[in-house]
Amino acid sequence: MLNVEKISKSLGKFQLKDIEIEVGKDDYFVLLGPSGAGKSLTLEIIAGLQKPDSGKIFLNGLDITRESIQKRKIGIVFQNHALFPHFNVYENIAYPLNTQKIKHDKKKNIIYKLAEQLEIVPLLKRNVNSLSAGEKQRVALARVLTLKPHLLLLDEPLASLDVMLKSDIRTLLRKLNKAGQTIIHVTHDYEDAVTLANKIAIINNGIIEHCGTPQDIFLKPKSSFIAKLTGIKNFFPATIIVDDTNNTAIATISNNIKIKLAPTEYKTGKGWIIVRSEDIVIANEYYEFSSNNQLKGKIIEILNTVPGLEIIIDNGCKWAALITHESALRLQLYEGKEVWFSFKSVAVSFIPE
Amino acid sequence: MRSFQSLNLVFAFLGGLILLFIIAPLVGLFLSSSPDSLISTINDEETVKSIGLTLWAAMAATVLSAFLAIPLSYLLARKNFWGHSLIMGIINLPIVIPHTAAGIALLGIVAGNSKSGKFLNQLGFDFIGNPEGIVLAMAFVSVPFLITAAKESFAAVPVKLEKAALTLGASPLRVFFTISLPLAWRGILSGLIMMFARGMSEFGAVVIIAYHPMITPILIYEKFGAFGLKYAQPVAAIFMIVTLIVFIILRIITNKKENVER
């Protein structure tokens, strides 16, 4: 489908370096990275709005690196939608069709069909400035879909939406992808990647740092940056000492806190340890659990999150544990309370420096 | 709060003085012209003809310049090329130099004894003492207003909209006519009105290129020089009324268009 081969581009002080992306037919590919990482520039190069300094882009086997924007059969939905404010919804959707010689009836037919698919028929005569962010997103999608693009590029499509609308648009995007639309979606929000992608690439400072399935990326992050980007909270610089004779691995983090790891694949050295918030268990007293790591600390903050409560515990390092409202109520947790928390050594990952 | 109110009062007083400074001479112009002299000026063929010529020449200068100035404004707004600042400086030159000097500079180009003047004569253009010369002089001194306004308006159109249109299959020319120009139109229209207004009131450059046929600013000067203040005042008053009516009509049309667009 799409093969981006060693694309580089300098734009002022910013440099996109040797970008390699492979997107298969029907893929939902998410390019995840922080602001200024080069995500939008990568999309613009694929769409043809920017010319790369070097490298090649192939779409369905054809080299489209120097192909004109209009002939690429690639649609792009920009962040903030880029709807034309002097046209109404119908005229916006009709815009790509006006460049083709299509009869009025056929044009109307195409527009109504898409409007039905995207549930925007009642909006067709509306001024685009009067639409909500979610409605604008649907209109922008309808407009680009009139082109029947081989590849649909989405630049932060969920960034300006509230939680409810995000969920609606995610469902819509999933539906489009299932109907056979290949999508590249650019975002800084790892939740978009988790909920939508079947392939993810992590981009930072103009470089693709990791590319793979969501399982690859989120369960085995390759770098500290990826771990942070993917929402991992318990992430500490550490020195690990592996003792092969005793088959132990112990990481020392700040405040001389010792953390036990499953020693199998690590070597002595410096790096970072990761513990997922959901892998941490909280107790009011010390219990003889099977978990190798049992620590004591003081609750300094209790935060509401979508899946439950995030308990921040301080023992010289700040740990985040994710528990349900029910558990918090049962344990009678409050800010300032001393608690024990534990996690298994296999729940600890180590990323070498 | 009290000091804030005092400040407002001081500013209102200062503002009132500047308003008085603008209004007093204009009102004085009407008060010093008797109704009889105004009516006879309206019926004076020479005055009517000169007002007609002034309006026509200013309109022609504006429309003809628009075809060249609008594309240049778009380039200046969108492209950051070498010499961009230099071009902006050159464009504003006609505003900063004395208009008689502008007229002299133009005369050097179009006069029959210069090489370029001879070439223009061979092409059938004769600007000296002709309405074409008036149009040329008006355009020269007033086109910077159009270019500056149009450039600002194009710059205010989000580039993303143009990029979106390109990815939706439109050619760059189609993007210009369907997206950039309609969205910048309000500012361009203001620029056109400003250019038209500046052209109509031009004296210095026109008087060097074409004293005859007389546009109204020259006619007022002629009447003042030959017959004195009393004869110049009614022509000036009538010309002011005509310009006011024209601008009120243009503003109404522009506002209506703005309301429709909203």
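Please read all numbers here as calculations on a predicted model, not as lab measurements.

What about the overall build of chain A?
Then, number 1: In terms of helices and strands, chain A carries nine helices and 20 strands.
Then, number 2: Over its C-alpha atoms, taken along the principal directions, chain A stretches across nearly 75 × 45 × 35 Å.
Then, number 3: Scored against the burial criterion, the 353 residues of chain A give a buried share of 52%.
Then, number 4: Per element, the accessible surface of chain A, about 17,200 Å² overall, is 50% carbon and sulfur.
Then, number 5: For chain A, the distance from the average position of its 45 positive side-chain charges to the average position of its 38 negative side-chain charges is 7 Å.

Overview of helix α2 (residues 35–42) of chain B
For an α-helix, 3.6 residues make a turn, and residues three or four places apart therefore share a direction.
All names here are of chain B.
Then, number 1: The complete set of buried residues in α2 reads Ser37, Leu38 and Thr41. Seen from one end, α2 has its buried residues packed into an arc of 100°, which puts them on one side. Among the exposed residues of α2, those oriented more than 90 degrees off its buried face are Pro35 and Asp36.

Overview of the interface of chain A and chain B
Then, number 1: Taken residue by residue, the interface counts 24 residues in chain A and 19 residues in chain B.
Then, number 2: In terms of surface lost to chain B, no three residues of chain A exceed A:Gln70, A:His86 and A:Tyr95, which account for 31% of the buried area on that side.
Then, number 3: Put simply, B:Lys163 and A:Glu44 hold a salt bridge, and the shortest N to O gap is 2.8 Å.
Then, number 4: Connecting chain A to chain B are four residue pairs in polar contact (both at pLDDT 80 or more).
Then, number 5: Mapped by element, the contributors of at least two residues to the side of chain A that touches chain B are α1 (39–47), β6 (74–77), α2 (89–98) and α4 (133–145) of chain A.
Then, number 6: Looking at the side of chain A that touches chain B, the element that brings in the most residues is α2(A), giving three residues.
Then, number 7: A per-class count over the side of chain A that touches chain B returns 15 nonpolar, seven polar and two charged.

Section: the confidence of the model for chain B
Then, number 1: Per-residue confidence for chain B gives a mean pLDDT of 91, with 96% of residues at or over 70.
Then, number 2: Summarising per-element confidence for chain B, the mean pLDDT is lowest in helix α12 (residues 229–261) of chain B (82) and highest in helix α3 (residues 45–78) of chain B (96).

Description of the pattern of salt bridges
Then, number 1: With the rule as written, the count across this model stands at 15 salt bridges over all chains.
Then, number 2: When salt bridges with common partners are traced through the structure, they connect B:Asp44, B:Glu46 and B:Lys223 into a single cluster.

Structural notes on the sheet that holds strand β11 (residues 234–243) of chain A
Pairing between sheet strands relies on hydrogen bonds along the backbone, with the strands arranged either parallel or antiparallel.
Residue and element names in this part refer to chain A.
Then, number 1: One open sheet accounts for five strands, arranged β13-β12-β11-β14-β20; its pairing is antiparallel. One side of each edge strand has no neighbouring strand; the edge strands of this open sheet are β13 (257–261) and β20 (348–352). For this sheet, the mean inter-axis angle between neighbouring strands, taken without regard to orientation, is 40°.
Then, number 2: Examined bridge by bridge, β11 and strand β14 (residues 269–275) share seven bridges and lie antiparallel to one another. Bridging from a neighbouring strand, Ile240 pairs with Gly269 of β14.

Each value, and the rule that gives it
Residues numbered from 1 in each chain as written. Chains lettered and ligands numbered in written order. Predicted model: local features only at pLDDT ≥ 70, side-chain atom pairs only at ≥ 80, totals over all residues. Heavy atoms only, no water. Helix = DSSP H or I, 4+ residues; strand = E, 2+ residues; numbered from the N terminus. Buried < 20%, exposed > 50% of the residue type's maximum accessible area, 1.4 Å probe, protein only. Areas by Shrake-Rupley, 256 points an atom, 1.4 Å probe, with all protein chains shown as cover. Lys, Arg positive; Asp, Glu negative; His and termini not counted. Charge placed at Lys NZ, Arg CZ, Asp CG, Glu CD. Arc of directions from axis to C-beta. Contact = heavy atoms within 4.5 Å. Buried area = accessible area lost by both parts, 1.4 Å probe. Salt bridge = Lys/Arg side-chain N within 4 Å of Asp/Glu carboxyl O. Polar contact = N/O pair within 3.5 Å; in protein donor to acceptor, adjacent residues only side chain to side chain. Nonpolar A, V, L, I, M, F, W, Y, C, P; charged D, E, K, R; others polar. pLDDT = per-residue confidence, 0-100. Pairing = 2+ DSSP bridges. Axes fitted to C-alpha atoms, helices over the stretch in contact; angles between N-to-C directions.

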